[in-house]
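Here is what each chain is made of, one letter per residue.
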Amino acid sequence: MRKLVLALVLLVGGATTTVAAPLLDTPVYYEPSDSYFELVSLKNQYPGRYVRDETDWLAMKDLAAKRTYKGRRGRLAIVRDRATNSFLRDTFKPDKSAWFGLQYLCKYNRLIWANGRLHEKDGFQNWGRSWNVQGKNPSNPNRSQGCGNHNYFYAVHYWASKHGFTWNANARNVHWKLAFVEYPAPGKYWK
C-alpha cells in the first residue's frame, strides 16, 4: 500500500507549525473492525462526473457500494464507537465535510446505518452543538430541526477536522466532495 505523506509548513509569528494534508483515496486497514477505510475524493476518483465534483448522500451511497478493495465491497463507513471515530479523524484528517453511512429517518425519529441496521439509541454519537438526534436545536430547544415531509430523511456527515469533526444532519440539496468508505471483511457487510 502506498503511503501518502504530505505536510504544509507554515511560519506563524516566527514559530513553525506543521499542518498535515488530508489522506485521500488510500485505503487504510483498521484491525478492531477488520475493515479498510478510505476517504474518497469525488474530484480525484470521479472527475467531471458530478457538478462541482460534489454529490448528495444517496448518490455517494451508490458509488460506495460499487467500489471494491482487495475483494471487499465498499459501503459508506459505519462508525461504531469513539475509537473508530478517532481513527478516521487522526488517520485521514479531512479538511472538508465528508459523508459517512448514517441517515436520520424523520418519520420514525431514528437513525439507520448504511448496512440497514438501526443505530442503537444508547450507541456512540458524535453530534455537534447545532443538531442532535431528537431533531431539536440545542441552542433553541423550541425550534425543531424539522424534516418537513415526514417520509424524508436527513443525511449525516462529518464537519471538517478544523470544525471539530462532529456529526451534523442536513436536508435535501446538500452536496459534499468527500466520503468515508469502509471495506468490511467478507461476510461482514451487513454487520
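Residues numbered from 1 in each chain as written. Predicted model: local features only at pLDDT ≥ 70, side-chain atom pairs only at ≥ 80, totals over all residues. Heavy atoms only, no water.

> So what about the side chain of serine 97? Which residues, and what values?
Locating serine 97 in the fold gives a position in the loop between α3 (82-92) and β8 (98-105). On the basis of relative accessibility, which here comes to 9%, the residue serine 97 falls in the buried class. Aside from chain neighbours lying at most four places away, what touches serine 97 is His157, Tyr158, Trp159, Ala160, Trp176 and Leu178. (Helix = DSSP H or I, 4+ residues; strand = E, 2+ residues; numbered from the N terminus. Buried < 20%, exposed > 50% of the residue type's maximum accessible area, 1.4 Å probe, protein only. Contact = heavy atoms within 4.5 Å.)

> Break down the pairing of strand β12 (residues 153-158) for me, with residues and values.
Most of β12 sits out of view: 6 of its 6 residues are buried. Of the two faces of β12, both are covered, the one formed by Phe153, Ala155 and His157 as well as the one formed by Tyr154, Val156 and Tyr158. Pairing of β8 with β12 involves 5 bridges; the strand directions are antiparallel. Across the sheet, residue tryptophan 99 finds its bridge partner in β12, namely histidine 157. (Pairing = 2+ DSSP bridges.)

> Before we move on, could you go through the packing of aromatic side chains and cite the residues and values that matter?
As enumerated under the stated definition, the model contains 21 aromatic pairs in all. Ring geometry for tyrosine 69 against tyrosine 183: centres 5.8 Å apart, planes inclined by 50 degrees, an arrangement best described as tilted. Of this pair, tyrosine 69 sits in strand β5 (residues 68-69) while tyrosine 183 sits in strand β14 (residues 178-184), and the two are 114 residues apart along the sequence. Note on accessibility: tyrosine 69 and tyrosine 183 belong to one class, buried. Relative to tyrosine 154, the ring of tyrosine 104 lies with its centre 6.4 Å away and its plane at 45 degrees, an arrangement referred to as tilted. Linking tyrosine 104 in strand β8 with tyrosine 154 in strand β12, this pair joins segments that are 50 residues apart in sequence. With relative accessibility at 6%, the residue tyrosine 104 sits in the buried group. For tyrosine 154, a relative accessible area of 6% corresponds to the buried category. Three or more aromatic residues joined by ring pairs form one cluster here, namely Tyr30, Phe37, Phe87, Phe92, Phe100, Trp113, Phe124, Trp127, Tyr158, Phe165, Trp167 and Phe180. (Phe/Tyr/Trp six-rings, centres within 6.5 Å; stacked < 30°, edge-to-face > 60°.)

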